Amino acid sequence: VGGGPVGVVTALAAASRGLSTIVFERDTEVYGLPRAVGMDDEIQRVIHGLGLGRELAAITTPLPGAEFVDAAGRRLSGMELPVGADWPLGHHPVVMYHQPELEGMLRTAAVDRGVDLRLAHRVERVGQDGDCAWIDVVGPDGSPARVPARWVVAADGASSSTRESLGISFRDAGFDQEWLVVDALLHDPEADHDLPVPAQQICDPARPVTYVPGHGPYKRWELQLQPGEKGDEM
């Protein structure tokens, strides 16, 4: 249930082990804006293990380093992440990507490998009886169906209908802080833009800011909103 990165990678892993696998996704297209922008070496290892190392390398950029700086841009602490070093898991510690591009690659690979990817299908309920699990799903034409399965994997995100239908509570850890995320696409990535090379946490007490050099021409700024500020106004 859910055709995002977690659901599709799970489906790829299941299909690679000979399991008949269906993915139900309520939307028809990959979400067009980036959410996550970086993955660590453990996730890279999973995708490489699915035989998609070459495809992943083509759409990712190794992060060159990260640092904490003060409000004036002076480094407080940090580290470089040299490309090609002998890293413990055999992969660069963090690579950057553009999520819509990554999701498109994963979906294409899943379909090519026999995963039954059903878009515009909304899952409404999940349950089980003595013989199997089942899901109630509504297709793109509005017709309902009950689909049996040996197992159901819930990968439908924060607003999970699966969790709701099974009565599983949502645990709130109590951290509530608003940040404005600004993604930029450079017109000329090769020009001298005088932007930092590593990722930065700018430790400005007046407004903490995070700068992330994304994959290729993509750059991201995250700015902590202060009391009384609204994201759309800022």
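Up top you'll find the structure we're talking about.
Thresholds, definitions, all that
- Residues numbered from 1 in each chain as written.
- Predicted model: local features only at pLDDT ≥ 70, side-chain atom pairs only at ≥ 80, totals over all residues.
- Heavy atoms only, no water.
- Helix = DSSP H or I, 4+ residues; strand = E, 2+ residues; numbered from the N terminus.
- Contact = heavy atoms within 4.5 Å.
- Areas by Shrake-Rupley, 256 points an atom, 1.4 Å probe, with all protein chains shown as cover.
- Pairing = 2+ DSSP bridges.
- Axes fitted to C-alpha atoms, helices over the stretch in contact; angles between N-to-C directions.
- Core = buried A, V, L, I, M, F, W, Y, C linked by side-chain atoms within 4.5 Å.
- Buried < 20%, exposed > 50% of the residue type's maximum accessible area, 1.4 Å probe, protein only.
- Parallel < 35°, antiparallel > 145°, perpendicular 65-115°, else oblique.
- Left-handed = near helix turned anticlockwise from the far one by under 90°.
- Nonpolar A, V, L, I, M, F, W, Y, C, P; charged D, E, K, R; others polar.

Can you explain the overall build of the protein? Please cite residues and give values.
Broken down by element type, the protein carries 5 helices and 14 strands. With respect to the three principal axes, the spread of C-alpha positions in the protein is 65 × 45 × 35 Å. The long-range fraction of contacts in the protein, counting pairs at least 24 apart against all pairs at least 6 apart in sequence, stands at 61%. Of the roughly 14,500 Å² of accessible surface on the protein, 54% is carried by carbon and sulfur atoms.

Outline the environment of Ile168, listing residues and values.
Looking at where Ile168 falls in the secondary structure, it is placed in the loop between helix H5 (161-165) and strand E11 (179-185). For the pair Ile168 and Ala191, spaced 23 residues apart in the sequence, the C-alpha separation amounts to 51 Å.

Before we move on, could you go through the sheet that holds strand E9 (residues 133-138) and cite the residues and values that matter?
The 3 strands are arranged E8-E9-E10 in an open sheet whose pairing can be described as antiparallel. Taken across any chain shown, the strands that pair with only one partner, and hence form the sheet edges, are strand E8 (122-128) and strand E10 (144-149). Neighbouring strand axes in the sheet, compared pairwise and without regard to direction, differ in orientation by 20° on average.

Lay out the nonpolar core with the relevant residues and their values.
Counting residues in hydrophobic clusters, the biggest one holds 20 residues, and the most contacted among them are Leu12, Met39, Leu52, Leu102, Met105 and Leu106. Listed by contribution, the elements that provide at least two residues to this core are helix H1 (5-16), strand E6 (94-97) and helix H4 (99-112). In contact with Met105, not counting residues within four places along its chain, are Leu52, Glu55, Leu56 and Ile59.

Kindly report on the pairing of strand E14 (residues 218-224), identifying the contributing residues and their values.
In terms of strand pairing, E11 meets E14 through 7 bridges, oriented antiparallel. Looking at the pairing, Leu180 lines up with Leu223 of E14. Bridge count for strand E13 (residues 209-213) against E14 is 5 bridges, and the pairing is antiparallel. Bridge pairing links Val212 to Arg220 in E14.

Which residues make up the pairing of E6, and what are the values?
Across 3 bridges, the pairing between strand E2 (residues 38-40) and E6 is antiparallel. In the strand pairing of E6, Met39 is matched with Val95. The pairing of strand E3 (residues 60-62) with E6 spans 3 bridges and is antiparallel. Considered in E6, the bridge of Pro62 is made with Val95.

Could you give me a rundown of the packing of H1 against H4, with the residues and numbers involved?
Close contact between H1 and H4 brings their axes to 10 Å; oriented N to C, the two are set at 25°. Overall, the two elements H1 and H4 adopt an arrangement that is roughly parallel. Relative to H4, H1 is oriented so that their crossing is left-handed. Residues Pro5, Val8, Val9 and Leu12 of H1 pack against Gln99, Glu103, Leu106, Arg107, Ala109 and Ala110 of H4. Its residues assigned to classes, the contact of H1 with H4 shows 7 nonpolar, 1 polar and 2 charged.

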